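# Coordinate inspection notes
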Amino acid sequence: MSISSQLLQYIFTGIAIGSIYGMVALGFNIIYNATGIINLAQGEFVMLGGMIMISLTNVLKLPMVLGFFISVGIVTLIGAGFERGAIHPLKNPSVLTLIIITIAGSILFKGGAMFIWGKQTYSLPPFSSGSSVRIMGAYLSPQTLWILGIMVAVMAALVFFFNFTIIGKAMKACAVNKTAAALVGINVKLMVLFSFALSAAIGAVAGIIITPVALMDYDRGTMLAIKGFAAAVLGGLGSNIGAVIAGFIIGLIESVSAGFISSGYKDAIALLVLLLVLFLKPSGIMGSLEGKKFKK
Amino acid sequence: MLKVRNLKSFYGYLQALRGVSIHVEEGEIVALIGANGAGKTTLLNSIAGIISSKKGQILFKDKDITHFPPQQIVKQGISLVPEGRQLFTPLSVMDNLILGAYQRYKRKNKDNIEADLDRVFHFFPILKERRKQLAGTLSGGEQQMLAIARALMSKPKLLLLDEPSMGLAPKVVKEIFRIILELQKEGTTIFLVEQNAKMALGIANRGYVIETGRIVIQGSSQELLGNKEIRRAYLGRGYKKVWE
Ligand SMILES: Nc1ncnc2c1ncn2[C@@H]1O[C@H](COP(=O)(O)OP(=O)(O)OP(=O)(O)O)[C@@H](O)[C@H]1O
Ligand SMILES: [Mg+2]
């Protein structure tokens, strides 16, 4: 394989993994915008999405499409239940308290997953059975196209939701000014519930589409959350376009450095780049307002 | 229509209202005047449900709404134009207005919303021109108009206004007060908080004076405008320099 086709190969991989980081980052953003907190259980939603899909299709033998929607539905309910059970009952909690609760949630979900599925790594068949396309010596698998396509669809749905539906606008209004949102009659706490449900759903989608290429086990959530968080911060916390672009940047850096340097260093290199960008432009690439809000 | 009885509101341990009782009858404009820090905003925010730490009683159309959350209070027909306007600045003028009608959107009354948009555009034609602009890029006067228009979109029976004249040029203030009068004629009841006592009492039927969390004087606008103490404290000097 020539250097250039090797590079192209890493780029394909980077795009696939970067789409996932971008989607995890979108999940962080949605909850951050509604509550001002970083939901550290975000990675667990991704893991649960993959694991539940595996059980539904491999064990219960449900068809792919049905399994997909049921998995996303279950994880959405888990996200909503987490909000109602652990976040909602608190009166005027501090941001720090909430973040610690999400850490507890993450540990709980991970423990639960280990209890149910054990420590094995599972796999899913790719969504379509076609063989990889050969482009300039590199192989582009159909699953990569699925991942990219679904990510774009999720992004488009979000843009539509936040700009053209009244609930989406209300969620945006809560992010901008909670007092004003309450004054026009928006139930702010209900929007927080919606934000957890929506983040969980997006996380589950990410987990399902990545499993055929990256496999899944109970412990995958943490690293995905770290990378997704890196993408959210790099993109400018709260900015959805920033999240997607930053997801690609981190995915690409990671897969290229894994290929050309060593896969042992790939996590470190991706995070190093994040730190570097944050030194140079602390608000992230797309963030201006949001970054300032975060530092406050 | 609105009865507040012996209301005490707290910020943590700090008590900002020390037993306030007021009432507003249907069709009235009632003014509340007082110096900085007297508790005017606290009273409005308590009625609107933004301040939840309170004792006493708030009745609206004989219903006890003291401990209703803000969204329930909007649903009852009370809308607050808050101090400092509190617009959704990164959203468009149109989106701000649509969100003002959020409660009714939810109940699928979408058809009436067009009519209400026409109504607020009739009051504030400038907002129609600016409807695609981001709220944060409007001038101060336009922002105040948008804040009022947004509150009107919920079709309130009772409109609470917190210092609508603040920071605006006299000409704009006049325009806003003219619209407040017009709203009254159309049947909206108005409770108006102002430091600009002269203008407020000029359009109000009755008024209250609040000092350090207590109502100290009340009466018809004529009485208040004739009251010596009020003339000395609130009408004599420029209102920016007023002390208790
Ligand atoms: N969020 C808060 N936390 C603590 N104390 C507050 C808070 N908001 C207001 N106060 C205090 O409550 C009292 C009443 O304040 P309030 O804002 O109601 O006054 P106001 O009459 O609206 O004044 P202004 O004319 O300056 O708007 C003041 O002593 C103020 O310092
Ligand atoms: Mg005030």
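Residues numbered from 1 in each chain as written. Chains lettered and ligands numbered in written order. Predicted model: local features only at pLDDT ≥ 70, side-chain atom pairs only at ≥ 80, totals over all residues. Heavy atoms only, no water.

- Labelled according to an unreviewed UniProt entry, chain A appears under the name Branched-chain amino acid ABC transporter permease, originating from Aerophobetes bacterium.
- Here is the UniProt Sequence similarities (unreviewed entry) comment for chain A, exactly as written: "Belongs to the binding-protein-dependent transport system permease family. LivHM subfamily."
- According to the UniProt record, the Subcellular location (unreviewed entry) comment for chain A reads "Cell membrane". (UniProt positions renumbered as here; feature names shortened; annotations may be inferred.)

### Quick word on the coordination of the magnesium ion (ligand 2)
Residues and elements named next belong to chain B.
- Looking at the magnesium ion (ligand 2), one finds its protein donor set to be Thr 41 (OG1) and Glu 83 (OE), positioned 1.8 to 2.2 Å from the metal centre. One end of the pair, Thr 41, is in helix H1 (residues 40–48); the other, Glu 83, is in the loop between strand S6 (78–81) and helix H3 (93–100), with 42 residues separating them in the sequence.
- Taking the relative accessible area as the measure of exposure, Glu 83 reaches 32% and is therefore partly exposed. (Donors = N, O, S within 2.8 Å, 3.2 Å for Na, K, Ca; no water. Helix = DSSP H or I, 4+ residues; strand = E, 2+ residues; numbered from the N terminus. Buried < 20%, exposed > 50% of the residue type's maximum accessible area, 1.4 Å probe, protein only.)

### Looking at the site of ligand 1
All names here are of chain B.
- The environment of ligand 1 is made up of 13 residues, and the closest members are Lys 40, Thr 41, Thr 42, Glu 83 and Gln 195.
- For ligand 1, the accessible surface in isolation is 630 Å², of which the surrounding protein chains cover 61%.
- It is H1 that contributes the most residues to the shell around ligand 1, three residues altogether.
- Among the residues making up the shell around ligand 1, the classes are represented as four nonpolar, six polar and three charged. (Near = heavy atom within 4 Å. Areas by Shrake-Rupley, 256 points an atom, 1.4 Å probe, with all protein chains shown as cover. Nonpolar A, V, L, I, M, F, W, Y, C, P; charged D, E, K, R; others polar.)

### Here's the deal with the environment of Ile 70 of chain A
Residues and elements named next belong to chain A.
- For Ile 70, the location among the structural elements is in helix H3 (residues 64–87).
- A relative accessible area of 32% places Ile 70 in the partly exposed class.
- Ile 70 sits 17 residues away from Met 53 along the chain, and the two C-alpha atoms are 8.1 Å apart.
- When residues no more than four places from it in sequence are discounted, the contact partners of Ile 70 are Leu 56 and Leu 62. (Contact = heavy atoms within 4.5 Å.)

### A short note on the environment of Ile 51 of chain B
All names here are of chain B.
- Inspection of the secondary structure puts Ile 51 in the loop between H1 and strand S4 (54–60).
- Owing to a relative accessible area of 8%, Ile 51 belongs among the buried residues under this scheme.
- Between the C-alpha atom of Ile 51 and that of Arg 85, which follows or precedes it by 34 residues, the distance is 17 Å.

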